[in-house]
Amino acid sequence: MDQSPAPLVEMRNMSIAFGGIRAVDDASVDLHAGEVVALLGHNGAGKSTLIKILSGAYRRDAGTIFVNGEEAQISNPRDAKKYGIETIYQTLALADNVDAAANLFLGRELRTAWGTLDDVAMEAEARKVMGRLNPRFQRFKDPVVRLSGGQRQSVAIARAILFNARILIMDEPTAALGPQETAQVGELVKQLKADGIGIFLISHDIHDVFDLADRVCVMKNGQVVGTARTQDVTKDEVLGMIILGKCPPGAIPGPGAMTMAA
Amino acid sequence: MTEVTSNAPLEGARASELGPVARFLKATELDTRMLGMVGALLVIWMGFHILSNGLFLTPRNLWNLSVQSSSVAVMATGMVLVIVTRNIDLSVGSLLGFVGMIMGVTQAMFLPRVIGLPLGDPTIWIIALAAGLAVGLVIGALQGFLIAYLAIPSFIVTLGGLLVWRGAAWWVTSGQTVAPMDATFRLMGGGPGGSIGASWSWVVGLVACVAVILMLMSGRAQRKRFKFPLRPVWAEVFLGILVSSVILGAVWVANSYPWPAGTVRRYAEANNITIPEGGLFISHGIAVPVLMAVAAGIIVTFIATRTRFGRYVFAIGGNPEAAELAGINTRWVTMKVFMLMGLLASFSAAISTARLNASTNAQGTLDELLVIAAAVIGGTSLAGGVGTVAGAMLGAVLMQSLQSGMVLLGVDTPLQNIVVGFVLVVAVWLDTLYRRRAQ
Ligand SMILES: Nc1ncnc2c1ncn2[C@@H]1O[C@H](COP(=O)(O)OP(=O)(O)O)[C@@H](O)[C@H]1O
Ligand SMILES: [Mg+2]
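- As recorded by an unreviewed UniProt entry, chain B carries the name Xylose transport system permease protein XylH and is attributed to Borborobacter arsenicus.
- If you open the UniProt record of chain B and go to Function (unreviewed entry), you find "Part of the binding-protein-dependent transport system for D-xylose. Probably responsible for the translocation of the substrate across the membrane."
- Reading the Subcellular location (unreviewed entry) entry of the UniProt record for chain B gives the comment "Cell membrane".

- As named in an unreviewed UniProt entry, chain A is Sugar ABC transporter ATP-binding protein, taken from Borborobacter arsenicus.

This is the structure:
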């Protein structure tokens, strides 16, 4: 990737603890425009927590966030959205009792000249974007609780791409999807990347993301084991990073890399 | 939009497999739950009518029922939003008592004696009402703040409120009843004077019919513009006729209830009218408190379904975390819900003090339970996220029907309470069954 001096996003020395658990410990990671960075690690490694700091869901204990080289003040989800950061959460974060359109526009509703909700316009937009993601989707009147796992996932993805994100965070976006829909999400990632959007792609399974990613960043016990360009490392080496915390020669070691002595 | 048309034959095929009733419901998009409630209400009405040998379904009784339901119905509209956000407000009855006391003291003591306004001065009722509304709003804001920003459970905050505001109501006059109320203020309580008469009732009814028809038409035009699936024309016409007949029927009933003979005589004397041979028939028409309740219902429905605030209220109820992550200021929305509740409880206070023509420190005792029951019977889920204002208002009428029906039959108060409690539990149980099936 082009290593222009100012990355789209840079998270430097992030730390956050819940009670005694250091969920994220001095983690640093960056992302450039048009780049896909895969964030890998076991369940509980701290991936979701790290990106929730970026999306404004959690307040960090320490660390600095830069967007386009300038320090960014992100202390709630609204702030993050102002910087063009959109997130597909692992839990999807949908309001189960309202329909797809209401979820897509939640917090950013279209309104009529009278200031009232423009439900018809929102449904029209929803039909457009859902048609692109999941052409067979028809259940625009149902609350999303009635939808299948895959349909709910498409709603969550549609919401993230609806508002011209510059930075997209996808936390295990294919968890509820079948092979065909997973491939569709892969296509979407390539398309968004071509549009110049920077993407954090999070997974606990390396096979899902290795071919899509430009770089991988592996976390273990809240710490970054290492970061590597996918062309410089093999899948087995990345597996070694995930499982053992062993940093291969092609990767830049982080604070979580196993020390030589150990 | 290609997928809409490509799937149309499929939908059509499915529709033809349905039975006639299901097809009818699908075409009209009528809510089966709501229909069930209307059915239950009609059964209760018929039951009381038969048991009371034809005393229940009379214009007089129905008119009284509408007035008696108003105060609880107004508060039930707000309680829907409170419960939808996964909160509860146990303080509304006490709040009503305290605010009623404030309004009573303002109009009967403070303004005439301290400020020196002459009795009957037209500003008295306005100032008294405004003072009450302001107090209700501030109390709602205070409770909402404790709940939303200090994260104290609403159950506790409003349980405290139940005690605090009831005590405060006593404190205003050391327990003394305040009476009488200002003559204009009293119109909010109903009665022959507090009703709008036959002609105005027809005007209101016709305007409402026109509004319903216009809404159906604009809804259809909107959906057509975006090429969404439409209801069949016969279903639209049917809905228009159904709703219009219900509205006009209600007006007809209200207009069939005449003023009592004594009131007519006094009115005739005051206006130099000679009463004809068979007596003078002067209709009550729709009562002012009923108009206030209907207005509250329409406004809160509008807020709940057509505004951003209403959308957030439901989103918070459905998934508070998702609402927060979507960038909604959930605390401020929650606080506003309680402010609205305080405001509505103040309107109810105006209705019930005006109706009683006095403020007492016991006013509204146990109303919180009636209000919550009305909302819950009306389909508001205590788990949050689900509820309709119309359902809650229907629930208020249903509760009141039970109560006044039993009074009509001479059932003792303790037994009335037992029946109401029983009905509440059964209604919620039926609702649970319905929801499980709908899933
Ligand atoms: N809100 C929270 N409260 C307490 N502990 C949390 C919270 N969120 C995450 N954790 C803990 O932080 C650690 C990292 O979790 P997470 O970021 O979800 O991991 P991953 O997404 O890599 O599977 C886990 O030990 C988890 O239990
Ligand atoms: Mg995770």
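## Regarding the overall build of chain B
Move 1: When its secondary structure is counted, chain B shows 17 helices and 0 strands.
Move 2: Relative to the compact-globule value of 22 Å for 439 residues, chain B shows a C-alpha radius of gyration of 23 Å, a close match.
Move 3: Overall, chain B is about 75 × 65 × 45 Å in size when its C-alpha atoms are taken along their principal axes.
Move 4: Each of the 439 residues in chain B was classed as buried or not, and the buried ones make up 48%.
Move 5: Sequence separation of 24 or more characterises 79% of the internal contacts of chain B that already satisfy a separation of 6 or more.

## Quick notes on the site of ligand 1
Residues and elements named next belong to chain A.
Move 1: Neighbouring residues of ligand 1: F18, A23, H42, N43, G44, A45, G46, K47, S48, T49 and Y58.
Move 2: G44 is positioned such that a nitrogen or oxygen atom in its backbone is 2.7 Å from an oxygen atom of ligand 1.
Move 3: With respect to ligand 1, the backbone of G46 contributes an N or O atom lying 2.9 Å from an oxygen atom.
Move 4: For ligand 1, whose accessible area on its own is 560 Å², the fraction buried by protein is 64%.
Move 5: Tallying contributions element by element places helix 1 (residues 47–54) first for the shell around ligand 1, with 3 residues.
Move 6: Residues that form the shell around ligand 1 fall into these classes: 4 nonpolar, 6 polar and 1 charged.

## Focus on the packing of aromatic side chains
Residue and element names in this part refer to chain B.
Move 1: With the rule as written, the count across this model stands at 10 aromatic pairs over all chains.
Move 2: Judged by centre distance (5.9 Å) and plane angle (25 degrees), the ring pair of F98 and W165 falls under stacked. Separated by 67 residues along the polypeptide, F98 in helix 5 (residues 92–115) and W165 in helix 7 (residues 154–173) bring together distant segments of the chain. Judged on exposure class, the residue F98 and its partner W165 are both buried.
Move 3: Centre to centre, the rings of W259 and Y267 are 5.2 Å apart; their planes meet at 85 degrees, and the pair counts as edge-to-face.
Move 4: Here W259 falls in the buried class, since its relative accessible area comes to 15%.
Move 5: Given the relative accessible area of 36%, Y267 is considered partly exposed.
Move 6: Of the aromatic side chains, those joined through ring pairs into one cluster are F24, W234 and F238.

## A word on the UniProt feature "domain: ABC transporter" (unreviewed entry) in chain A
Move 1: The feature "domain: ABC transporter" (unreviewed entry), as given by UniProt, occupies residues 9–246 of chain A in the numbering adopted here.
Move 2: Between the end C-alpha atoms of residues 9–246 of chain A there is a gap of 26 Å, over a span that is 32% helix and 26% strand.

## Some thoughts on the side chain of N319 of chain B
Move 1: Relative to the helices and strands, N319 of chain B resides in the loop between helix 12 (308–318) and helix 13 (320–325).
Move 2: Here N319 of chain B falls in the buried class, since its relative accessible area comes to 18%.
Move 3: Within polar-contact distance, the side chain of N319 of chain B engages the backbone oxygen of L94 of chain A at 2.9 Å.
Move 4: N319 of chain B has contacts with A93, L94 and A95 of chain A together with R86 of chain B, leaving out every residue within four places of it along the chain.

## Here's the deal with the side chain of N103 of chain A
Residue and element names in this part refer to chain A.
Move 1: Position of N103 among the secondary structure elements: in helix 3 (residues 100–104).
Move 2: Since its relative accessible area comes to 0%, N103 is described here as buried.
Move 3: Within the local environment of N103, its side chain forms a polar contact with the backbone nitrogen of A95, the two atoms lying 2.8 Å apart.
Move 4: Side-chain polar atoms of N103 contact the backbone oxygen of V98, separated by 3.4 Å.
Move 5: Residues within four places of N103 in sequence aside, it is in contact with L94, A95, V98, V144, V155 and R159.

## Comments concerning the nonpolar core
Move 1: Grouped together as the largest cluster of nonpolar side chains are 74 residues, with contacts concentrated most on M79, L81 and V313 of chain B.
Move 2: For L81 of chain B, the contacting residues outside a window of four places in its chain are V300, A304, F309, V313, V337 and L340 of chain B.
Move 3: In this structure, M122, V144, L188 and M241 of chain A belong to the second largest nonpolar core, which totals 51 residues.

## Quick word on the environment of I242 of chain A
All names here are of chain A.
Move 1: Mapping I242 onto the fold places it in helix 8 (residues 235–244).
Move 2: Between the C-alpha atoms of I242 and D25, which are 217 residues apart in sequence, the distance is 16 Å.
Move 3: Dropping the residues within four chain positions of it, I242 is found in contact with L40, G41, H42, I206, V218 and K220.

## Looking at the coordination of the magnesium ion (ligand 2)
All names here are of chain A.
Move 1: For the magnesium ion (ligand 2), the full set of protein donor atoms is S48 (OG) and Q90 (OE1), at a range of 2.1 Å. Of this pair, S48 sits in helix 1 while Q90 sits in the loop between strand 6 (85–88) and helix 3, placing them 42 residues apart in sequence.
Move 2: You can call Q90 partly exposed: its relative accessible area is 40%.

## Re the confidence of the model for chain B
Residues and elements named next belong to chain B.
Move 1: When pLDDT is averaged along chain B, the result is 91; 96% of the residues meet or exceed 70.
Move 2: Considering each helix and strand of chain B separately, the mean pLDDT is smallest for helix 1 (residues 2–17), with a value of 43, and largest for helix 14 (residues 330–356), with 98.
Move 3: Here residues 1–13 is modelled with pLDDT under 50, and outside its nearest four sequence neighbours on either side it reaches 12 contacts, counting other chains as well.
Move 4: At the level of chain-chain contacts, confidence expressed as ipTM amounts to 0.91, with global pTM at 0.91.

## Let's talk about helix 15 (residues 367–377) of chain B
Residues and elements named next belong to chain B.
Move 1: Of all the 11 residues making up helix 15, 9 are buried; the element is thus mostly covered by neighbouring parts of the structure.
Move 2: Residues of helix 15 that are buried include every one of D367, E368, V371, I372, A373, A374, A375, V376 and I377, and no others.
Move 3: Looking at the residues trailing helix 15, positive phi occurs at G379, about 100 degrees.

## A look at a nonpolar patch on the surface
Residues and elements named next belong to chain B.
Move 1: Residues F145, Y149, L150, I152, F155, I156, L159 and W332 make up a contiguous nonpolar surface patch of roughly 700 Å² in combined accessible area.
Move 2: Per-element tally for the nonpolar patch: the top contributor is helix 7, with 3 residues.
Move 3: Summarising the element assignment, W332 is placed in helix 14.
Move 4: Of the residues examined, W332 reaches a relative accessible area of 36% and is grouped as partly exposed.

## Describing the packing of helix 6 (residues 123–148) of chain B against helix 14 of chain B
Residues and elements named next belong to chain B.
Move 1: Packing of helix 6 against helix 14 brings their axes to within 7 Å, and their N-to-C directions diverge by 150 degrees. Judged by the angle between their axes, helix 6 and helix 14 are roughly antiparallel. Crossing geometry of helix 6 relative to helix 14 is assigned as right-handed. When helix 6 is examined against helix 14, the residues L129, G132, L133, G136, L137, G140, A141, G144, F145, I147 and A148 are found in contact with a partner set consisting of R331, T334, M335, F338, M339, G342, L343, S346, F347 and A350.
Move 2: The residue inventory of the contact of helix 6 with helix 14, partitioned by class, reads 13 nonpolar, 7 polar and 1 charged.

The rules behind the values
Residues numbered from 1 in each chain as written. Chains lettered and ligands numbered in written order. Predicted model: local features only at pLDDT ≥ 70, side-chain atom pairs only at ≥ 80, totals over all residues. Heavy atoms only, no water. UniProt positions renumbered as here; feature names shortened; annotations may be inferred. Helix = DSSP H or I, 4+ residues; strand = E, 2+ residues; numbered from the N terminus. Rg over C-alpha atoms; globule rule 2.2 N^0.38 Å. Buried < 20%, exposed > 50% of the residue type's maximum accessible area, 1.4 Å probe, protein only. Contact = heavy atoms within 4.5 Å. Near = heavy atom within 4 Å. Polar contact = N/O pair within 3.5 Å; in protein donor to acceptor, adjacent residues only side chain to side chain. Areas by Shrake-Rupley, 256 points an atom, 1.4 Å probe, with all protein chains shown as cover. Nonpolar A, V, L, I, M, F, W, Y, C, P; charged D, E, K, R; others polar. Phe/Tyr/Trp six-rings, centres within 6.5 Å; stacked < 30°, edge-to-face > 60°. Core = buried A, V, L, I, M, F, W, Y, C linked by side-chain atoms within 4.5 Å. Donors = N, O, S within 2.8 Å, 3.2 Å for Na, K, Ca; no water. pLDDT = per-residue confidence, 0-100. Patch = residues over 30% accessible without salt bridge, like charges linked within 9 Å, V, L, I, M, F, W, Y side chains within 5 Å. Salt bridge = Lys/Arg side-chain N within 4 Å of Asp/Glu carboxyl O. Axes fitted to C-alpha atoms, helices over the stretch in contact; angles between N-to-C directions. Parallel < 35°, antiparallel > 145°, perpendicular 65-115°, else oblique. Left-handed = near helix turned anticlockwise from the far one by under 90°.

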